[in-house]
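# Close look at the chain arrangement
So the chains spell out like this:
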Amino acid sequence: MSLIENIIRTEIRDLSAYHVADSSGFVKLDAMENPYTLSAALQSALAERLAQVDLNRYPVPSYSALKNAIKKEFGIPVNYDVVLGNGSDELISMVSVACAKPGASVLAPVPGFVMYAMSARLAGLKFVGVPLRADLTLDKPAMLAAIHEHRPAITYLAYPNNPTGTLFEVADIEDILRAVGDSGVVIVDEAYQPFALSSFMSRLAEFDNLIVMRTVSKLGLAGIRLGYMSGSQALLNEFEKVRPPYNINVLTEAAAEFMLQHVAVLDAQAALLREQRTLLAAALQQLKGVEVFPSAANFLLIRVPQAEQVFANLLKQKILVKNVGKMHALLENCLRITVSTPAENDLFLDALKASL
Ligand SMILES: *Cc1c(COP(=O)(O)O)cnc(C)c1O
């Protein structure tokens with residue numbers, strides 16, 4: 001046996017590393033980033049703030065000022081706390097590690113966010129994917145049957161879902177929360193909340209097994225890597241034990257505190273993107289052969305004839321979208337396009353017309 005075979009777990013050797021396309025020189029519509037940058041005035045105020053940070057010191061692991069700002073600006077219910085993560089990717093991984101009892105399983109609709117399955121496998125949990133319906137809505141009877149069969153320790157519901165953009169029905173999520181009961185946590189992942197304007201955060205008190213997870217990434221701060229989750233204190237106490245004590249670095253902490261004082265700027269950008277989503281969806285619907293799925297996120301999922309070819313043609317025109325056709329049978333011939341500025345959306349539309 002080789003060194004690798006001797007020491008690396010089989011599940012890890014069988015995985016392929018998370019692939020990120022090289023995007024230099026492209027109109028980048030593949031990763032749900034906010035295309036807007038900060039004004040020159042805000043940039044220099046931020047620079048001044050960051051220059052004050054004591055880089056020689058460890059962060060203070062209570063992060064109380066940052067947590068208080070998050071609770072105030074993002075509508076965390078009174079008396080609820082948050083756990084911070086280096087992106088919500090880290091929160092997902094923390095929950096997986098905390099719940100990885102032998103034989104435990106993780107359930108999520110598929111196609112869904114790839115990190116749920118990835119993180120489950122890394123932690124040694126079994127992943128059960130429940131297919132959406134053909135129209136990419138939630139198959140509630142199938143979800144309830146799978147919950148009954150597998151008694152998942154963790155159930156993920158991305159609200160809205162990535163890569164489909166679907167906003168699952170509130171009543172379906174409530175039924176899932178009740179069906180899971182005290183045999184598992186249900187994580188409502190609200191990464192796209194700024195574009196959905198619909199949330200379970202205010203309902204934490206109704207469900208002891210509900211965790212609401214969010215990130216500042218899609219709001220416009222993907223680069224600083226900051227996520228947070230809230231839920232009952234009993235659950236948060238346990239997840240907190242898994243959190244690396246200094247997981248939020250001092251620059252992220254300072255930048256986030258600064259941006260939370262200017263969160264209206266980000267909210268205004270999200271409002272522009274919501275408007276652009278409506279316009280882009282309408283323009284796409286005009287194109288013959290293009291099917292547009294309803295989206296409550298800052299991206300649109302479309303189905304085109306011969307998506308491989310269309311994707312390649314877009315690349316030649318320096319437009320990078322995400323080809324999700326191979327991700328799941330339900331996504332055959334589908335492309336996912338991040339909604340951007342009017343100028344970039346127009347570039348994409350023109351390139352698409354030339355590519356079909
Ligand atoms: C982008 C995304 C995240 C990851 O957010 P980070 O905070 O950048 O790690 C989590 N969940 C869903 C559904 C996402 O689409």
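Residues numbered from 1 in each chain as written. Predicted model: local features only at pLDDT ≥ 70, side-chain atom pairs only at ≥ 80, totals over all residues. Heavy atoms only, no water.

## Comments concerning the site of the ligand
What surrounds the ligand is a group of 13 residues, the closest being Asp 189, Tyr 192, Thr 215, Ser 217 and Lys 218. Within the contact set of the ligand, an oxygen atom lies 3.1 Å away from a backbone nitrogen or oxygen of Asp 89. Contact distances for the ligand include 2.8 Å between an oxygen atom and a side-chain N or O atom of Arg 225. Within the complex, the protein chains bury 94% of what would otherwise be the 390 Å² of accessible surface of the ligand. Its residues placed into classes, the shell around the ligand shows 4 nonpolar, 5 polar and 4 charged. (Near = heavy atom within 4 Å. Polar contact = N/O pair within 3.5 Å; in protein donor to acceptor, adjacent residues only side chain to side chain. Areas by Shrake-Rupley, 256 points an atom, 1.4 Å probe, with all protein chains shown as cover. Nonpolar A, V, L, I, M, F, W, Y, C, P; charged D, E, K, R; others polar.)

## Structural notes on empty space enclosed by the protein
Enumeration over the complete set of coordinates arrives at 1 cavity of 30 Å³ or more. Estimates place the volume of the largest cavity at around 40 Å³. Looking at the lining of the largest cavity element by element, the count peaks at 3 residues for helix H12 (residues 250–260). Residues that form the lining of the largest cavity fall into these classes: 7 nonpolar, no polar and no charged. (1 Å grid on protein atoms, 1.4 Å probe; cavity = no way out; pocket = protein on both sides within 12 Å on 5 of 7 lines; lining within 4 Å. Points joined across faces, edges and corners; volume = space filled by probe spheres on them. Helix = DSSP H or I, 4+ residues; strand = E, 2+ residues; numbered from the N terminus.)

## Remarks on the packing of aromatic side chains
Per the stated rule, a full pass over the model turns up 6 aromatic pairs. Between Phe 74 and Tyr 228 the ring centres are 5.4 Å apart and the planes differ by 5 degrees, which places this aromatic pair in the stacked class. Note that Phe 74 is positioned in the loop between helix H4 (64–73) and strand S2 (82–85) and Tyr 228 in strand S8 (residues 227–230), a separation of 154 residues in sequence. Here Phe 74 and Tyr 228 have matching classes, each one buried. Taken together, the ring pairs connect Phe 113, Tyr 116 and Tyr 156 into an aromatic cluster. Against the face of Phe 299 rests Arg 336, its NZ or CZ located 5.9 Å from the ring centre. (Phe/Tyr/Trp six-rings, centres within 6.5 Å; stacked < 30°, edge-to-face > 60°. Buried < 20%, exposed > 50% of the residue type's maximum accessible area, 1.4 Å probe, protein only. Lys NZ or Arg CZ within 6 Å of the ring centre and 35° of its normal.)

## Overview of helix H13 (residues 263–285)
The end-to-end C-alpha separation of H13 is 33 Å, in line with the 33 Å expected for 23 residues at 1.5 Å each. Taken as a whole, H13 has its buried residues at Val 263, Leu 266, Gln 269, Ala 270, Leu 273, Gln 276, Arg 277, Leu 280, Ala 281 and Leu 284. (Expected span 1.5 Å × (residues − 1).)

## Brief notes about the pattern of salt bridges
Under the criterion given, the structure shown has 18 salt bridges. In this structure, the salt-bridge partner of Lys 28 is Asp 30, at a minimum N-O distance of 2.9 Å. The partner of Glu 238 in a salt bridge is Lys 241, and the shortest N-O contact between them spans 2.9 Å. Taken together, the positions of Glu 238 and Lys 241, both in helix H11 (residues 233–242) and 3 residues apart, correspond to about one turn of that helix. (Salt bridge = Lys/Arg side-chain N within 4 Å of Asp/Glu carboxyl O.)

## Some points on the packing of H4 against H12
It is the contact of H4 with H12, at a shortest axis distance of 10 Å, that shows an interaxial angle of 30 degrees. Seen from above, H4 lies across H12 with left-handed handedness. Here H4 contributes Ala 65, Leu 66, Ala 69, Ile 70 and Glu 73 to the contact with H12, which in turn contributes Glu 253, Ala 256, Glu 257 and Leu 260. (Axes fitted to C-alpha atoms, helices over the stretch in contact; angles between N-to-C directions. Left-handed = near helix turned anticlockwise from the far one by under 90°. Contact = heavy atoms within 4.5 Å.)

## Describing the environment of Lys 71
Structurally, Lys 71 is set in helix H4. Along the backbone, Lys 71 and Val 82 are 11 residues apart, and their C-alpha atoms lie at a distance of 7.6 Å. Once residues within four sequence positions are removed from consideration, Lys 71 is found in contact with Ile 76, Tyr 80, Asp 81 and Val 82.

## Here's the deal with the domain arrangement of the protein
What the domain assignment lists for the protein is domain 1 (3–39 + 264–355) and domain 2 (55–261). Each partner contributes to the interface: domain 1 provides 29 residues, whereas domain 2 provides 34 residues. Summed over both partners, the interface of domain 1 with domain 2 comes to about 2500 Å²; 72% of that surface belongs to carbon and sulfur atoms. A per-residue breakdown of the area domain 1 buries against domain 2 is headed by Leu 266, Ala 296 and Leu 330, which together make up 22% of the total. The interface formed by domain 1 and domain 2 holds 0 salt bridges in total. The interface formed by domain 1 and domain 2 holds 8 residue pairs in polar contact (both at pLDDT 80 or more) in total. Secondary structure elements with two or more residues in the side of domain 1 that touches domain 2: H13 and strand S10 (299–303). Residues belonging to the side of domain 1 that touches domain 2 are distributed by class as follows: 19 nonpolar, 5 polar and 5 charged. (Domains from an automatic or database assignment. Buried area = accessible area lost by both parts, 1.4 Å probe.)

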